[in-house]
Amino acid sequence: MRDNGTEVTAAGIARLAGVGRAAVSNWRRRHADFPRPVGGTETSPSFALAEVEEWLRKQGKLAEVPLRERVWQQLAGHPAGPVTALVHAGCALLLVHARPPVWLEVAEGSDERLAKLLPTALEQVLAPRFGVLGERAVATPGAEDLLPSAPLLRGAAELAAEQGARHAFDFLLGRHLDANPRQYTLTPAGLAALMADLAGPARTVLDPACGTGALLRAVPAAPDQLLHGQDSSPELAALTALRLALHTAASVRTAAGDSLRADAHPAVRADAVVCHPPFNERNWGHDELAYDPRWEYGFPARTESELAWVQHALARLKDGGTAVLLMPPAAAARRSGRRIRADLLRRGALRAVIALPAGAAPPYNIPLHLWVLRRPGAAAQPAHPEVLLADTAHLAADARGGLDWTAVRAAVREVWRPFDRTGAAPERPGVSRGVPVLDLLDDDVDLTPARHLPPPAAAGGPEHLADVRERLGDTLRLTTRLTPPAAAAAPSPARWPLTTVGELARAGALSLRTGGAGGPVRVPVLTDHDVLAGTAPSGTLPEGDEEPVLVETGDVVVPVLGGGAVARVAGAASAGAALGRNLVLLRPDPAALDPWFLAGFLRGTANNRQASSYASTATRLDVRRLQLPRLPLERQREYGERFRALAEFEEALRQAARLGEQLVRGMHDGLTDGTVAPGL
């Protein structure tokens, strides 16, 4: 059967042929026999994958389609949508994984035969892993549903033969999540591993808001393990079940529905609950759940949906079981939740609140918290005298990448494990402390860790400040050495023949690219603020189909907004980063242009003034109109060396300013918290 139902976008065609999207646009304009669109929109049309492949092959532009790419295009362009295609592929891969001979027998012959025989074979695999039909999230698809998926299933099986069924499904699921970032709230793998560490070994585990299954997947395997999950999205509940079945030998029971309103696992008493609940949900069921027996610690206010999830997790634990929930920091301090927080403390249910660095999970701009809870035993027990409060803000991500999860996990384990054994924790300024419960039961019951931890020694203490002072002295001496010599007047103003960046680009002496396009890869992004401040790449780009422009060493990057005369030669710190918005990249041909000569002349104030246009609220630079003299390469290099020396002097001044600010701030903190004496 021909795969005429699968559609592919222009970006997908570009990936198949190994070219840019501009090449695909050219083919459409120049070749009358290029396949006609079969769907999409006027600005983003889609084409039949089979027709596109046939045309590319005839034109000699398709030597070999990578199997991964072909399977992904079949999934992304599936007539029933990519999620349905993912479920079908996951079911087939589970059959390939569990019963390879059965798959080989079913896959023989036509697509019609495959679709007819496959449901029976799938039911024999799905039922033992997910339970009886009607009570599980993964229903067995029928023959009519599977027929359009037959080419995809065959391709997925080929992919599994190359790299294993588990990795094949992970690749397809990961591609889908990356292509639709706004549809899903994902839990990073590092955070999932940390939450699993805190939950500890468990035979029965529940995630009542399982999403794509990242938390349940991170739980260490145990004999006869049973994993329960629920999500309000039926598609995610199904994908989670398939993902877990391919990764573990555990029995998997996932269901679709809202866990607060329609709990699918009311009889479960789990050893551990892990949960990344939705935040700030006003419509969580406040009105219809007023008399629900789960509210042992108080009825949550309408604005306290997170405390409803906390109590749901505690209600599904066996006595002594552990729950770990990701929480917004406001849940630790809002006045509307103080009575529930107080009761959690009094009864010993809340064991720890751990502040994570900003950037740990969406929303990335705020430092989220982890709450570790333990269900008290049925017999009356005295409350634990202390609660662990910890703050890992000092492990925040640097400008070039994400969090160092290895360091975060090590820091959290270092403070949690002793506390979990003994119920007490020594005081570590600025990091952790076991706080007596009675000290927290005031009018606010504020559990924000930073408000109860003693401040760390100023900037690392007097020894660290001495080191900063020494580095500042070295930098100032370097600045003195790099100070340019006195300017000597030229005998007469130079009158060079001039050319423009636009003319150089047309002549091939340099290439010109603009930044800001989203892409399928995630790399640090060089922003216009980074260029202006001389710092490392610090931005992000939205996901998109176009390949981003990647910076190389020796490129010249120019901001086009703001009216400043700035041009920066990219070094090792920027190499490999994507070019951000409002930036233009000039890549000179080394045989024709020296990059430092180019950047130096582009920074001239008069040059920028003549190439700028002015609006009511902004100044914009037309980089193509910037001018530079026509000089032989040897003469360019003479100027380039001087411009490079000026750039080194400029960077030394920046470094001195940063160190000076750090020293002043550290001295202020040390003098005010008593760690630094005022004596000279």
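Keep in mind that what you see is a predicted model, and the values were worked out from it rather than measured.

Reading guide: rules and limits
Residues numbered from 1 in each chain as written. Predicted model: local features only at pLDDT ≥ 70, side-chain atom pairs only at ≥ 80, totals over all residues. Heavy atoms only, no water. Helix = DSSP H or I, 4+ residues; strand = E, 2+ residues; numbered from the N terminus. Buried < 20%, exposed > 50% of the residue type's maximum accessible area, 1.4 Å probe, protein only. Contact = heavy atoms within 4.5 Å. Lys, Arg positive; Asp, Glu negative; His and termini not counted. Charge placed at Lys NZ, Arg CZ, Asp CG, Glu CD. Expected span 1.5 Å × (residues − 1). Pairing = 2+ DSSP bridges. Axes fitted to C-alpha atoms, helices over the stretch in contact; angles between N-to-C directions. Salt bridge = Lys/Arg side-chain N within 4 Å of Asp/Glu carboxyl O. 1 Å grid on protein atoms, 1.4 Å probe; cavity = no way out; pocket = protein on both sides within 12 Å on 5 of 7 lines; lining within 4 Å. Points joined across faces, edges and corners; volume = space filled by probe spheres on them. Nonpolar A, V, L, I, M, F, W, Y, C, P; charged D, E, K, R; others polar. Polar contact = N/O pair within 3.5 Å; in protein donor to acceptor, adjacent residues only side chain to side chain. Core = buried A, V, L, I, M, F, W, Y, C linked by side-chain atoms within 4.5 Å. Phe/Tyr/Trp six-rings, centres within 6.5 Å; stacked < 30°, edge-to-face > 60°. Lys NZ or Arg CZ within 6 Å of the ring centre and 35° of its normal. Parallel < 35°, antiparallel > 145°, perpendicular 65-115°, else oblique. Left-handed = near helix turned anticlockwise from the far one by under 90°.

**Q** Would you mind going over the overall build of the protein with me for this structure?
**A** Secondary structure summary: the protein contains 23 helices and 22 strands in total. Counting over 680 residues, the protein shows a buried share of 48%. At a minimum sequence separation of 6, the contacts of the protein that also span at least 24 residues come to 73%. Taking the 74 positively charged and 75 negatively charged side chains of the protein as two groups, their mean positions are separated by 3 Å.

**Q** So what exactly am I meant to see when it comes to helix 9 (residues 150-163) here?
**A** An α-helix turns once every 3.6 residues. As a result, residues three or four positions apart point the same way. Taking 1.5 Å of rise per residue, the 14 residues of helix 9 would be expected to cover 20 Å, and the 20 Å separating its terminal C-alpha atoms lies within 8% of that figure. Among the residues of helix 9, Ala150, Pro151, Leu152, Leu153, Gly155, Ala156, Ala157, Leu159 and Ala160 are the ones counted as buried. Along its buried surface, helix 9 packs onto helix 4 (67-76), helix 5 (82-98), helix 6 (100-107), helix 7 (111-130), helix 8 (143-146) and helix 10 (165-179). Phi turns positive, to about 95 degrees, at Gly164, one or two residues after helix 9.

**Q** I would appreciate a short explanation of the environment of Arg665 in the present structure.
**A** Position of Arg665 among the secondary structure elements: in helix 23 (residues 633-673). Accessibility expressed as a relative area gives 46% for Arg665, which makes it partly exposed. In this structure, the C-alpha to C-alpha distance between Arg665 and Leu465, residues 200 residues apart in sequence, is 9.9 Å.

**Q** Looking at this structure, I do not really get the sheet that holds strand 7 (residues 270-275). What am I missing?
**A** Paired through backbone hydrogen bonds, the strands of a sheet run either parallel or antiparallel to each other. Taken in spatial order, the nine strands of this open sheet run 6-5-4-7-8-10-9-11-12, and their pairing is mixed. Where the open sheet ends on each side, the last strands, each with one partner, are strand 6 (251-256) and strand 12 (432-436). The mean angle between the axes of side-by-side strands here comes to 15 degrees, regardless of whether they run parallel or antiparallel. Bridging between strand 5 (residues 226-231) and strand 6 involves six bridges; their strand directions are parallel. Bridged to Gly229 within strand 6 is Thr254. Sheet strands in contact with helix 11 (residues 189-199) are strand 7, strand 8 (317-327), strand 9 (350-355) and strand 10 (369-374), and its direction is about 155 degrees off that of strand 8.

**Q** Would you mind going over the pattern of salt bridges with me for this structure?
**A** Side-chain pairing between opposite charges can occur once the charged atoms of the two side chains come close. One pass over the full model with this rule turns up 36 salt bridges. Glu638 is the salt-bridge partner of Arg635, the closest N and O atoms lying 2.5 Å from each other. Pair noted here: Arg635 and Glu638 are both in helix 23, with a separation of three residues, about one helical turn. Judged by relative accessible area, Arg635 falls into the partly exposed class, the value being 37%. Relative accessible area serves as the criterion here: at 48%, Glu638 is assigned to the partly exposed category.

**Q** Would you mind going over the pairing of strand 3 (residues 45-48) with me for this structure?
**A** Put simply, side chains in a regular strand alternate between the two faces of the sheet. In terms of strand pairing, strand 1 (residues 7-9) meets strand 3 through three bridges, oriented antiparallel. Note on strand 3: the bridge partner recorded for Val8 is Phe47. Sheet topology places strand 2 (residues 39-40) next to strand 3; two bridges connect them, and they run antiparallel. Its bridge partner lying in strand 3, Gly39 is registered against Ser46. Hairpin connection of strand 2 to strand 3: four residues between the antiparallel strands.

**Q** Would you take a moment to explain the environment of Ala272 for this structure?
**A** Position of Ala272 among the secondary structure elements: in strand 7. Placed 231 residues apart in sequence, Ala272 and Glu503 show a C-alpha to C-alpha distance of 67 Å. Once residues within four sequence positions are removed from consideration, Ala272 is found in contact with Ala199, Ala202, Thr204, Val205, Leu206, Leu317 and Thr322.

**Q** Would you take a moment to explain the pairing of strand 19 (residues 583-588) for this structure?
**A** With respect to burial, strand 19 is a largely interior element, five of its six residues being buried. Examined bridge by bridge, strand 14 (residues 510-514) and strand 19 share five bridges and lie antiparallel to one another. Opposite Arg513, over in strand 19, you have Leu585 as the bridge partner. As judged from the four bridges shared by strand 16 (residues 556-559) and strand 19, these two strands associate in the antiparallel manner. By the bridge assignment for strand 19, Val558 is matched with Val584.

**Q** Would you take a moment to explain the sheet that holds strand 3 for this structure?
**A** The antiparallel open sheet is built from three strands, whose spatial order is 1-3-2. Looking at which strands have only one partner, the edges of the open sheet turn out to be strand 1 and strand 2. Together, strand 1 and strand 3 form the strand contacts of helix 1 (residues 10-17), whose direction differs from that of strand 1 by roughly 90 degrees. Each of strand 1 and strand 3 touches helix 3 (residues 49-58); the most contacted strand, strand 3, lies at about 75 degrees to it.

**Q** Before we go on, may I ask you to explain empty space enclosed by the protein in this structure?
**A** Any space left empty among the atoms is revealed by the rolling of a water-sized probe across them. Scanning the model with the defined rule gives one cavity of 30 Å³ or more in all. Looking at the largest cavity, the residues that line it are Ala390, Asp391, Thr392, His394, Ala411, Val412, Val415 and Val431. Of all the elements in the fold, those that place two or more residues in the lining of the largest cavity are strand 11 (386-391) and helix 16 (405-422). The leading source of residues in the lining of the largest cavity is helix 16, at three residues. Residue composition of the lining of the largest cavity, by class: five nonpolar, two polar and one charged.

**Q** What should I look at first to understand helix 21 (residues 595-602) in this one?
**A** Extensive coverage of helix 21 is indicated by the burial of eight of its eight residues. All of the buried residues along helix 21 are Pro595, Trp596, Phe597, Leu598, Ala599, Gly600, Phe601 and Leu602. Where helix 21 begins, one side-chain oxygen reaches toward the backbone nitrogen of Trp596, 3.1 Å away; that side chain belongs to Asp594.

**Q** What am I meant to see in the nonpolar core here?
**A** Nonpolar side chains in soluble globular proteins tend to end up buried together. Counting 89 residues, the largest nonpolar core has Trp103, Leu118, Phe130, Leu198, Leu326 and Leu370 as the members making the most contacts within it. Per-element tally for this core: the top contributor is helix 5, with 11 residues. Ignoring sequence-local partners within four residues, the contact set of Phe130 consists of Leu94, Arg136, Val138, Ala241, Leu242, Ala245, Val252 and Arg253. If you look at the next biggest cluster of nonpolar residues, it comprises 39 residues, including Ala270, Tyr297, Trp309 and Ile340.

**Q** Hey, could you run me through the packing of aromatic side chains in this one?
**A** Aromatic ring pairs are reported here in terms of the distance separating the ring centres and the angle at which the planes meet. Counted under the stated rule, the structure contains 11 aromatic pairs. On the basis of an interplanar angle of 85 degrees and a centroid distance of 5.9 Å, the ring pair of Trp496 and Tyr639 is categorised as edge-to-face. Highlighted residues: Trp496 in the loop between helix 18 (462-482) and strand 13 (498-500) and Tyr639 in helix 23, separated in sequence by 143 residues. Residue Trp496 is classed as partly exposed on the basis of its relative accessible area, which comes to 32%. A network of ring pairs unites the aromatic residues Trp496, Phe597, Phe601, Tyr639 and Phe643 as a single cluster. Over the ring of Phe171 we find Arg68, and its NZ or CZ is 3.9 Å from the ring centre.

**Q** Would you mind going over the packing of helix 11 against helix 16 with me for this structure?
**A** Between two packed helices, the angle of one axis relative to the other and the distance separating the axes together describe the packing. The interhelical angle for the contact between helix 11 and helix 16, taken along N-to-C directions, is 15 degrees, at an axis separation of 10 Å. Put simply, helix 11 runs roughly parallel to helix 16. In the crossing of helix 11 with helix 16, the sense of the turn from one axis to the other is right-handed. For the pair helix 11 and helix 16, the contacting residues are Gly190, Leu191, Ala193, Leu194, Asp197 and Leu198 in the first and Trp405, Val408, Arg409, Val412, Arg413 and Trp416 in the second.

So, to be careful, I would describe these as geometric facts and stop short of saying anything about function.
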